[in-house]
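Examining the three-dimensional arrangement
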Amino acid sequence: MIDADVVVGLEVHCQLDTKSKLFCGCSTDYRNDGPNTHVCPVCLGLPGTMPVLNKRVIEYAMKVAKSVNCTIADESEFARKNYFYPDLNKAYQITQYDKPLALGGYVEIEGDDGKERKIQLTRIHVEEDPGRLVHMGNAERGRYSLVDYNRAGIPLIEIVSEPDMRSPKEARKFLNKLRATLEYLGVFDSEKEGSLRVDANISLRGSERVEIKNITSYKGVEKALTFEVTRQKNLIRRGLKVERETRHYLEARGITQSARSKEMENDYRYFPEPDLRPLHVQSWLKDIVLPELPDARRERFVQQYGCSLNHARTLTGELKMANFFEAVVAHDTGVCSLAATWIADTLAGELNYRSMGIDAVDPIKFGGLLALLKEGSITDKSGVEVLREMLDAVKQQKVPEDPKTIVNRLDLWKISETGSASSGVILPKIGQISLEVVIENVKKANPKAVDDYHAGRKGALNFLVGQVMKETRGKFDPSDINRYVTESLGDTLKK
Amino acid sequence: MVTEKDVEHIGELADIGIDTAELATFTGQFNAIVDYFDVLDRVQGNGAVARDLYNVLRDDVVEISLSQDEATRNAGAREDGFIKAPRVM
Amino acid sequence: MAVHTISFEPDDRYNAFLKVCTKPSHGEGKLAGVAIAVKDNISTQGVETTCASRILQGYVPPYDAHAVELIKSAGAAVAGKTNMDEFGMGTSTENSAFGPTLNPCDAGRVPGGSSGGSAAAVAAGMVRMALGTDTGGSIRCPAAFCGIVGLKPTYGRVSRYGLIAYANSLETIGPMANNVADVSLLMSVIAGHDRKDTTSHDKPYNHTPSANIKGLRIGIPEEYFGKGVDPEVAAVVRRAIGRLEELGAVTVPCSIPSMEYALAAYYVICTSEASSNLARFDGVRYGPAADTRKSWHAAYQDMRKQGFGPEVRRRIMLGTFALSSGYYGKYYAKAQIARENIRKDFARLFADVDVLCGPTMPTIAFKLGEKSDPLSMYLSDILTVPVNLAGIPAISVPCGKVQGMPVGLQIMGRPFEDERVIDVAYAYEQVVKP
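Report on the accompanying structure. (Residues numbered from 1 in each chain as written. Chains lettered and ligands numbered in written order. Predicted model: local features only at pLDDT ≥ 70, side-chain atom pairs only at ≥ 80, totals over all residues. Heavy atoms only, no water.)

What to know about the pairing of strand β8 (residues 116-128) of chain A
Residues and elements named next belong to chain A. Note: strand β6 (residues 102-103) against β8, 2 bridges, orientation antiparallel. Following the sheet pairing, Ala-102 is matched in β8 by Ile-124. Inspection of the sheet shows strand β7 (residues 106-110) paired to β8 by 5 bridges, in the antiparallel sense. From the neighbouring strand, Glu-108 faces β8, where its bridge partner is Lys-118. Here β7 folds back onto β8 in antiparallel fashion, the turn holding 5 residues, of which Gly-114 has a positive phi close to 90 degrees. When β8 meets strand β11 (residues 155-161), the two strands line up antiparallel, connected through 7 bridges. Within the sheet, the bridge partner assigned to Arg-123 lies in β11 and is Val-160. (Pairing = 2+ DSSP bridges. Helix = DSSP H or I, 4+ residues; strand = E, 2+ residues; numbered from the N terminus.)

Considerations on the pattern of salt bridges
Evaluated as defined, the whole model comprises 73 salt bridges over all chains. The salt bridge partner of Arg-128 of chain C is Asp-182 of chain C, with a shortest N-O separation of 2.8 Å. Placement of the pair is Arg-128 of chain C in the loop between α2 (116-123) and β6 (129-134) and Asp-182 of chain C in helix α4 (residues 180-190), with a sequence separation of 54 residues. For Arg-128 of chain C, a relative accessible area of 40% translates into the label partly exposed. On the basis of relative accessible area, Asp-182 of chain C is assigned to the buried category, the value being 10%. One salt bridge connects Asp-302 of chain C with Lys-294 of chain C, and the closest N-O pair in it is separated by 2.7 Å. Of the residues examined, Asp-302 of chain C reaches a relative accessible area of 30% and is grouped as partly exposed. By relative accessible area, which is 32% here, Lys-294 of chain C ends up partly exposed. Residues joined in a network through salt bridges with shared partners are Glu-228, Arg-231, Glu-245 and Arg-247 of chain A. (Salt bridge = Lys/Arg side-chain N within 4 Å of Asp/Glu carboxyl O. Buried < 20%, exposed > 50% of the residue type's maximum accessible area, 1.4 Å probe, protein only.)

Notes on the interface of chain C and chain A
A common way to express how large an interface is: the accessible area buried when the components associate. In this complex, chain C contributes 40 residues to the contact, which on the side of chain A involves 32 residues. Carbon and sulfur atoms make up 60% of the area that chain C and chain A hide from each other, which totals about 2,800 Å². Of all residues in chain C, the largest losses of buried area upon contact with chain A belong to Thr-198, Arg-280 and Arg-285 of chain C, amounting jointly to 22% of the total for that side. Taken together, the links from chain C to chain A amount to 1 salt bridge. Two residues, Asp-275 of chain A and Arg-160 of chain C, come together in a salt bridge whose shortest N-O distance is 2.8 Å. Our count for the contact surface shared by chain C and chain A stands at 15 residue pairs in polar contact (both at pLDDT 80 or more). Taken together, the elements giving at least two residues each to the side of chain C that touches chain A come down to α6 (259-277), α7 (296-307) and α8 (310-323) of chain C. Class assignment for the residues of the side of chain C that touches chain A results in 18 nonpolar, 14 polar and 8 charged. (Contact = heavy atoms within 4.5 Å. Buried area = accessible area lost by both parts, 1.4 Å probe. Polar contact = N/O pair within 3.5 Å; in protein donor to acceptor, adjacent residues only side chain to side chain. Nonpolar A, V, L, I, M, F, W, Y, C, P; charged D, E, K, R; others polar.)

Here it is, written out as structure tokens:
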């Protein structure tokens, strides 16, 4: 539902995945190491030190700019943003102010009305990350902070959109598209904790703009904005004014809260960074070769593999998923459409439930599972059970078994109809018990359902089929069971 | 004309901690200097600077960092490898 | 490299040193065994570096400034850290938190600033050479006041890595000594590209001073001999220039109209940059410890109030004001335009003449405590700041006395013609040698 009144803009900060920091040679691979172990005089901001710009950061930033159709400035330069905070060790952040690297551009998303939309961008620039604060103590023992400067100097790219999104959902789609694009370019690792931060601006038509700072999860952006729309609409409904302010998103509670600090009216006293020289990199643009990007890959999946648009969209929405899909079908081109459904719908859900990444799945084993499904050796229900076994094994840090092994172990082989085409069909057996017997037992145990069926209630059939399926533990196709039960209840068996 | 209120505001912006005793003296000195700066009002030109150096860049190569001890050694207070700082309230 | 130690126990009655290294080690090279004093805003590994400020007391850098690495590689021994105006802000070394340095020529007078300690150490014969820094005249002024030689190199010719920044776009490290040959020798060690300083140029200095200045064209800017310059000082300098003419140089009267804005432009730019550079001293990572029981802003304000002297706080406020919203266009932006005009004026003059000459300072060294008004102190810099704004090289060489106090002849040259500036100073020095 498009709300014509909602206007959203985003400022997205992503850590660029270079080996060394923006202005010094410290390694960027700090997440598993102790505090203050990835710092040097430069990123610690010791007096007398000077920044030296990492070429790869500019190359990566230009790749991003090219992929979203920006123009590169003839001359760009760095500036100091001055403010005082314990995690900002020089008391200024080196960023770009009035001469950013790139201007304009757009990101295409599927709008809320189903049509493709271009979300316009304002600019893209490069800046450094500050350090990280841990808040300690309490009112009695006294409050203080602990600072870790490992993160200080990590290169960030800031992508600023125009206030062009019309709903929290569009904001989420924009963010997902941007994330996917950056992953495809190989300049960003979305799985690294804290690698993406978003500031969101939202206003309802006629009201003041509210800024929500420092949202650190993708889902959080949509939630925070949804909360804001509700909050602001409630204020307006009660005849109150929406204050122009900065708010924080509290992830755990799913709400936004007014920021009590006086950050809003900060005068940052920007001036050009005297220790760095300007950039003339417009001419580099033509030599930048972009890899296949999400939209092009989505198109190719539709053309080459016959995926539905929706499946293609889901599969190409994450680089790893797209790669996984292609790895699976490369091994066995026959399983294309099965793979699309099973990866986009089933696997994604099972991974999400277990908080696992698609890295955990062996595409060959997965392909093997699809092969069993394709040849009809197991039912869909059994397929899910096998998949769950495989994933759970990985979660317990064991090597998952081959799908066939699991099917054997759990006795999930599908039993199909045997016998001739004559009216007297011999119903299959599970072990020693025949399906015929199971059906008779279910009918005896549920006389009311049988009567309901004969009274014309089709729902009763589903119930009886469900009971039979439960007893036979997925070894039969639901449609087959349906036929046998129907036949048993007295309708003509259709072949 | 810079007033004492203006100087107080600048003191807050700069977090420099001026107390009331110094305010009058600072304001007087400030005004004399800022009045002298007014000569810049008459400067003509567009200031476009011909720079001699641009695109000064380094390769993305990892270099040795300081040890945790070296990095935190000058700090007034440390805790578990972190540096202790007053908290923003 | 073999390591030796020397013994250094100077009689420092002038308070030139903040810290003396009594048994400095040294290696081999063209400065082997030479004891060199290093101004205390230049980082020295393992040796306390304070910028003559309380806010950096106890700070021991874990690294050497590039220039210090170079003099050590050339075999020099770091004799100690010299006194200065706090963070380089001053023209007299009276703004040190640890007491002023006295002028060895007259202990009741200032040695000049901000490299007063380095100048006094050399003038008193405690060391043969010293490193100073020059942001608006801070090498040349004390050289003139103490009667020694001091060179402000072309901006970018000597690495600033390790120089604790006051005004990044204006300052440079430079050599000070009793004679031009030693200044030239020290320059040859410290000049050159440093990949850690992206404003540094790849222009090493390998020059032996030459006294041949036949045919040299010397511009005499009228602003250097106008109002504000003591007539006796002007007369001594004119006589010195006369000696250069006797050696075959030709003088050409000229003018630098944009000098009218130079001092204002200088003070707007240097205070703006300083207000940003000095904001990092919060007592968290180095310096006297911040009180972590207080709130951040309260602790930060207290630290700056206790740790900075009044001149530093004044300049931080001026700079904050000049950069603040609403004032940036009036002050900072205009100052940069004025600066560019000054650079163009010099370039225009240097199309016609090779060097410019005039007094280094408008007066002789004033008495301690004499200049208590900040603005009158700033006005003493009028003849030195244009050079920093334009980034060109300039040297001060002693050229006579007024009332028994030394007077400095300032020689200014084209960008990267430090060699020529050295030659002119050398020629003068040689011709007046007794």
